[in-house]
Amino acid sequence: MAIPSGSEDLRPHIRDEEPRSDDFVVVRGGPDSLAKLATHARRTYRAFNLDGAAFWGVSVFCALDQIGPASLDSILAVRMATYGLVHTPTVGRMREAGFELLPTFGRPHYTVRLVSDDDEELARLLAALGPADLNTYHGRTPRPRRR
Amino acid sequence: MVMIDIAADLNDEDETGFVWTFLDEARDPSVVVPGAIVVAGDADAPAVAQVVDVIEKPSGKIVHLRLLPGGLEDYEALVRRAITPA
(Lines give C-alpha, C1' and ligand atoms only; values in the text may rest on other atoms or scores of the structure.)
Protein backbone atom coordinates (compact mmCIF):
# COMPACT_ATOMS: atom_id res chain seq x y z
CA MET A 1 0.00 0.00 0.00
CA ALA A 2 1.25 3.47 -0.85
CA ILE A 3 2.44 5.66 1.96
CA PRO A 4 0.80 9.06 2.46
CA SER A 5 2.56 11.99 0.90
CA GLY A 6 4.81 13.72 3.40
CA SER A 7 4.84 11.02 6.05
CA GLU A 8 7.99 10.85 8.13
CA ASP A 9 10.09 7.73 8.62
CA LEU A 10 9.57 6.45 12.14
CA ARG A 11 12.81 4.43 12.12
CA PRO A 12 15.07 7.19 13.54
CA HIS A 13 12.66 7.50 16.47
CA ILE A 14 12.84 3.84 17.49
CA ARG A 15 14.83 3.08 20.65
CA ASP A 16 16.70 -0.14 21.31
CA GLU A 17 14.48 -1.18 24.19
CA GLU A 18 12.23 -4.16 23.73
CA PRO A 19 10.26 -4.86 26.93
CA ARG A 20 12.35 -7.35 28.90
CA SER A 21 9.44 -9.21 30.41
CA ASP A 22 6.04 -10.41 29.28
CA ASP A 23 4.83 -9.48 32.75
CA PHE A 24 5.38 -5.76 32.21
CA VAL A 25 2.15 -3.76 32.15
CA VAL A 26 1.15 -1.81 29.07
CA VAL A 27 -0.90 1.31 29.78
CA ARG A 28 -3.22 3.09 27.40
CA GLY A 29 -5.66 5.81 28.38
CA GLY A 30 -9.20 4.92 27.42
CA PRO A 31 -11.89 3.92 27.00
CA ASP A 32 -11.12 2.73 23.50
CA SER A 33 -13.53 1.65 20.81
CA LEU A 34 -13.15 0.38 17.27
CA ALA A 35 -13.94 3.84 15.91
CA LYS A 36 -11.41 5.56 18.13
CA LEU A 37 -8.67 3.05 17.41
CA ALA A 38 -9.33 3.48 13.69
CA THR A 39 -9.02 7.25 13.98
CA HIS A 40 -5.80 7.02 15.98
CA ALA A 41 -4.23 4.36 13.76
CA ARG A 42 -5.00 6.44 10.69
CA ARG A 43 -3.52 9.55 12.27
CA THR A 44 -0.30 7.63 12.82
CA TYR A 45 -0.47 6.34 9.24
CA ARG A 46 -0.80 9.88 7.95
CA ALA A 47 2.18 11.10 9.95
CA PHE A 48 4.62 8.19 9.76
CA ASN A 49 5.91 5.41 7.58
CA LEU A 50 8.38 2.72 8.54
CA ASP A 51 11.31 2.20 6.20
CA GLY A 52 9.20 3.51 3.33
CA ALA A 53 6.27 1.18 4.01
CA ALA A 54 2.81 2.07 5.27
CA PHE A 55 2.57 2.07 9.04
CA TRP A 56 -0.44 1.96 11.33
CA GLY A 57 0.06 2.22 15.05
CA VAL A 58 -1.44 3.18 18.37
CA SER A 59 0.45 4.72 21.28
CA VAL A 60 0.87 3.06 24.66
CA PHE A 61 3.20 3.35 27.63
CA CYS A 62 5.02 0.44 29.17
CA ALA A 63 5.81 0.13 32.87
CA LEU A 64 9.49 -0.74 32.51
CA ASP A 65 10.74 0.06 36.01
CA GLN A 66 9.67 -0.43 39.60
CA ILE A 67 10.29 3.20 40.51
CA GLY A 68 10.67 6.48 38.64
CA PRO A 69 8.97 7.97 35.57
CA ALA A 70 8.67 4.62 33.82
CA SER A 71 6.99 2.87 36.75
CA LEU A 72 3.33 1.91 36.64
CA ASP A 73 2.42 4.28 39.46
CA SER A 74 4.13 7.20 37.78
CA ILE A 75 2.61 6.50 34.38
CA LEU A 76 -0.87 6.33 35.91
CA ALA A 77 -0.38 9.37 38.14
CA VAL A 78 1.40 11.67 35.71
CA ARG A 79 1.08 10.66 32.08
CA MET A 80 -2.41 9.17 32.46
CA ALA A 81 -3.68 11.68 35.04
CA THR A 82 -6.32 13.06 32.69
CA TYR A 83 -7.74 9.61 32.01
CA GLY A 84 -10.37 8.21 34.36
CA LEU A 85 -10.20 4.85 32.61
CA VAL A 86 -7.14 2.98 31.43
CA HIS A 87 -6.44 -0.25 29.59
CA THR A 88 -3.70 -2.25 31.29
CA PRO A 89 -2.87 -5.47 29.44
CA THR A 90 0.50 -7.13 29.90
CA VAL A 91 3.25 -7.17 27.29
CA GLY A 92 2.70 -10.94 27.08
CA ARG A 93 -0.97 -10.52 26.28
CA MET A 94 -0.17 -8.09 23.47
CA ARG A 95 2.50 -10.40 22.07
CA GLU A 96 0.25 -13.46 22.29
CA ALA A 97 -2.30 -11.52 20.25
CA GLY A 98 0.42 -10.99 17.64
CA PHE A 99 1.18 -7.34 18.22
CA GLU A 100 4.65 -5.90 18.10
CA LEU A 101 5.53 -3.18 20.58
CA LEU A 102 7.90 -0.70 18.98
CA PRO A 103 9.86 1.43 21.45
CA THR A 104 9.22 4.83 19.91
CA PHE A 105 10.28 8.32 20.95
CA GLY A 106 10.96 8.90 24.63
CA ARG A 107 10.95 6.23 27.30
CA PRO A 108 8.52 4.63 28.23
CA HIS A 109 6.45 5.34 25.09
CA TYR A 110 5.75 2.48 22.68
CA THR A 111 3.72 2.12 19.52
CA VAL A 112 1.62 -0.98 18.96
CA ARG A 113 2.17 -1.89 15.32
CA LEU A 114 -0.89 -2.87 13.29
CA VAL A 115 -0.74 -4.61 9.91
CA SER A 116 -3.68 -2.57 8.63
CA ASP A 117 -6.53 -0.36 9.73
CA ASP A 118 -9.27 -2.83 8.85
CA ASP A 119 -11.99 -3.72 11.33
CA GLU A 120 -10.66 -7.21 11.97
CA GLU A 121 -7.23 -5.94 12.96
CA LEU A 122 -8.69 -3.17 15.11
CA ALA A 123 -11.04 -5.64 16.82
CA ARG A 124 -8.06 -7.86 17.63
CA LEU A 125 -6.31 -4.86 19.18
CA LEU A 126 -9.37 -3.86 21.18
CA ALA A 127 -9.66 -7.41 22.52
CA ALA A 128 -5.96 -7.50 23.40
CA LEU A 129 -6.20 -4.20 25.27
CA GLY A 130 -8.98 -5.68 27.37
CA PRO A 131 -11.56 -3.76 29.37
CA ALA A 132 -10.78 -0.29 30.65
CA ASP A 133 -10.37 -0.07 34.42
CA LEU A 134 -10.58 2.89 36.75
CA ASN A 135 -7.41 4.91 37.01
CA THR A 136 -7.20 5.31 40.77
CA TYR A 137 -4.85 8.26 40.32
CA HIS A 138 -7.35 10.25 38.27
CA GLY A 139 -8.63 13.27 40.17
CA ARG A 140 -5.93 13.17 42.82
CA THR A 141 -3.81 16.23 43.47
CA PRO A 142 -1.89 16.44 40.24
CA ARG A 143 1.83 16.55 39.95
CA PRO A 144 3.25 18.57 37.08
CA ARG A 145 5.23 16.79 34.42
CA ARG A 146 8.92 17.52 34.49
CA ARG A 147 9.27 19.17 31.16
CA MET B 1 -21.77 17.53 26.33
CA VAL B 2 -18.12 18.44 26.04
CA MET B 3 -17.05 20.36 22.97
CA ILE B 4 -13.53 19.43 21.96
CA ASP B 5 -11.37 22.16 20.46
CA ILE B 6 -8.97 19.72 18.87
CA ALA B 7 -9.25 15.97 18.49
CA ALA B 8 -6.22 14.05 19.65
CA ASP B 9 -5.09 10.77 21.08
CA LEU B 10 -3.70 11.98 24.39
CA ASN B 11 -1.54 8.85 24.47
CA ASP B 12 0.34 10.07 21.40
CA GLU B 13 3.75 11.49 22.09
CA ASP B 14 6.53 12.34 19.67
CA GLU B 15 10.19 13.31 19.94
CA THR B 16 9.27 16.53 21.73
CA GLY B 17 7.68 14.62 24.59
CA PHE B 18 4.43 16.47 24.02
CA VAL B 19 1.10 15.17 22.77
CA TRP B 20 0.74 15.77 19.04
CA THR B 21 -2.11 15.94 16.58
CA PHE B 22 -2.93 17.61 13.27
CA LEU B 23 -4.18 21.18 13.19
CA ASP B 24 -6.85 20.25 10.67
CA GLU B 25 -8.49 18.15 13.39
CA ALA B 26 -9.37 21.34 15.27
CA ARG B 27 -12.99 22.49 15.35
CA ASP B 28 -11.77 26.04 14.76
CA PRO B 29 -8.08 26.10 13.83
CA SER B 30 -7.89 29.85 14.44
CA VAL B 31 -8.07 29.31 18.23
CA VAL B 32 -5.27 26.75 18.21
CA VAL B 33 -2.28 29.04 18.44
CA PRO B 34 0.83 28.85 20.65
CA GLY B 35 -0.03 29.65 24.24
CA ALA B 36 -3.77 29.08 23.85
CA ILE B 37 -5.62 26.96 26.38
CA VAL B 38 -7.78 24.38 24.63
CA VAL B 39 -9.81 21.27 25.30
CA ALA B 40 -8.14 18.32 23.61
CA GLY B 41 -8.78 14.62 23.27
CA ASP B 42 -12.27 13.27 22.75
CA ALA B 43 -15.65 13.52 24.45
CA ASP B 44 -14.95 10.48 26.65
CA ALA B 45 -11.57 11.69 27.82
CA PRO B 46 -11.22 15.45 27.42
CA ALA B 47 -8.25 17.28 28.87
CA VAL B 48 -7.25 20.88 29.26
CA ALA B 49 -4.07 21.58 27.37
CA GLN B 50 -1.84 24.44 26.35
CA VAL B 51 -0.75 24.75 22.75
CA VAL B 52 3.04 24.60 22.73
CA ASP B 53 3.60 25.19 19.05
CA VAL B 54 2.28 24.52 15.57
CA ILE B 55 4.87 22.98 13.29
CA GLU B 56 4.64 22.78 9.53
CA LYS B 57 5.54 19.28 8.36
CA PRO B 58 5.19 17.69 4.93
CA SER B 59 2.27 15.60 6.24
CA GLY B 60 0.45 18.65 7.61
CA LYS B 61 0.55 21.15 10.44
CA ILE B 62 1.37 19.39 13.72
CA VAL B 63 0.12 20.82 16.99
CA HIS B 64 2.04 20.04 20.17
CA LEU B 65 0.04 20.11 23.38
CA ARG B 66 1.11 20.30 27.00
CA LEU B 67 -1.51 18.57 29.14
CA LEU B 68 -2.42 20.69 32.13
CA PRO B 69 -3.14 19.20 35.53
CA GLY B 70 -6.69 18.63 36.70
CA GLY B 71 -9.87 17.84 34.88
CA LEU B 72 -12.24 20.03 32.91
CA GLU B 73 -14.52 20.24 35.96
CA ASP B 74 -11.68 21.74 38.01
CA TYR B 75 -11.34 24.59 35.54
CA GLU B 76 -15.09 25.07 35.44
CA ALA B 77 -15.11 25.43 39.24
CA LEU B 78 -12.20 27.85 39.06
CA VAL B 79 -13.98 30.09 36.59
CA ARG B 80 -17.16 30.02 38.70
CA ARG B 81 -15.20 31.10 41.76
CA ALA B 82 -13.21 33.76 39.96
CA ILE B 83 -15.97 35.35 37.96
CA THR B 84 -18.92 36.43 40.04
CA PRO B 85 -21.86 38.38 38.70
CA ALA B 86 -21.60 42.11 39.42
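Everything discussed here concerns the structure shown above.
Residues numbered from 1 in each chain as written. Chains lettered and ligands numbered in written order. Predicted model: local features only at pLDDT ≥ 70, side-chain atom pairs only at ≥ 80, totals over all residues.

Engineer: Can you tell me about helix 4 (residues 119-129) of chain A, naming the residues and giving the values?
Structural biologist: All names here are of chain A. Among the residues making up helix 4, those that are buried are Leu122, Leu125 and Leu129. Summarising the axial view, the buried residues of helix 4 lie within an arc of 55°, below the 170-degree limit, and thus occupy one face. For helix 4, the exposed residues set more than 90 degrees away from the buried face come down to Asp119, Glu120, Ala123 and Ala127. Of the residues flanking the end of helix 4, it is glycine 130, one or two places downstream, whose phi is positive at about 75°. (Buried ≥ 20, exposed ≤ 12 C-beta atoms within 10 Å, placed from the backbone. Helix = DSSP H or I, 4+ residues; strand = E, 2+ residues; numbered from the N terminus. Arc of directions from axis to C-beta.)

Engineer: Lay out the sheet that holds strand 7 (residues 100-102) of chain A with the relevant residues and their values.
Structural biologist: All names here are of chain A. If you trace the six strands from one edge of the open sheet to the other, you get 7-8-5-2-6-9, paired in antiparallel fashion. Both outer strands of the open sheet, strand 7 and strand 9 (132-134), are each paired with one neighbouring strand and no more. Averaged over neighbouring strand pairs, the angle between their axes works out to 45° when direction is ignored. In terms of strand pairing, strand 2 (residues 26-30) meets strand 6 (residues 85-87) through three bridges, oriented antiparallel. Considered in strand 6, the bridge of glycine 29 is made with valine 86. Sitting on the sheet, helix 1 (residues 34-47) touches strand 5 (56-62) and strand 8 (109-114), and the angle it makes with strand 5 is about 105°. (Pairing = 2+ DSSP bridges. Axes fitted to C-alpha atoms, helices over the stretch in contact; angles between N-to-C directions. Contact = placed C-beta atoms within 7 Å.)

Engineer: I'd like a description of the nonpolar core, backed by residues and values.
Structural biologist: Counting residues in each nonpolar core, the largest one holds 55 residues, and the members touching the most others are Val27(A), Cys62(A), Val112(A), Ala49(B) and Leu65(B). Counting residues per element, this core draws most heavily on strand 5 of chain A, which supplies five residues. Setting aside chain neighbours within four positions, we find Cys62(A) in contact with Pro19(A), Phe24(A), Val26(A), Val91(A), Leu101(A), Pro108(A) and Tyr110(A). (Core = buried A, V, L, I, M, F, W, Y, C linked by C-beta atoms within 7 Å.)

Engineer: Mind laying out the pairing of strand 5 (residues 60-67) of chain B, listing which residues take part and the relevant values?
Structural biologist: Residue and element names in this part refer to chain B. By the bridge criterion, four bridges tie strand 2 (residues 19-22) to strand 5 in an arrangement that is antiparallel. Paired with phenylalanine 22 across the strands is isoleucine 62, a residue of strand 5. Sheet analysis places strand 4 (residues 46-57) next to strand 5, joined by eight bridges and oriented antiparallel. The partner of glutamate 56 across the bridge, within strand 5, is lysine 61. In sequence, strand 4 turns back onto strand 5 through a hairpin of two residues.

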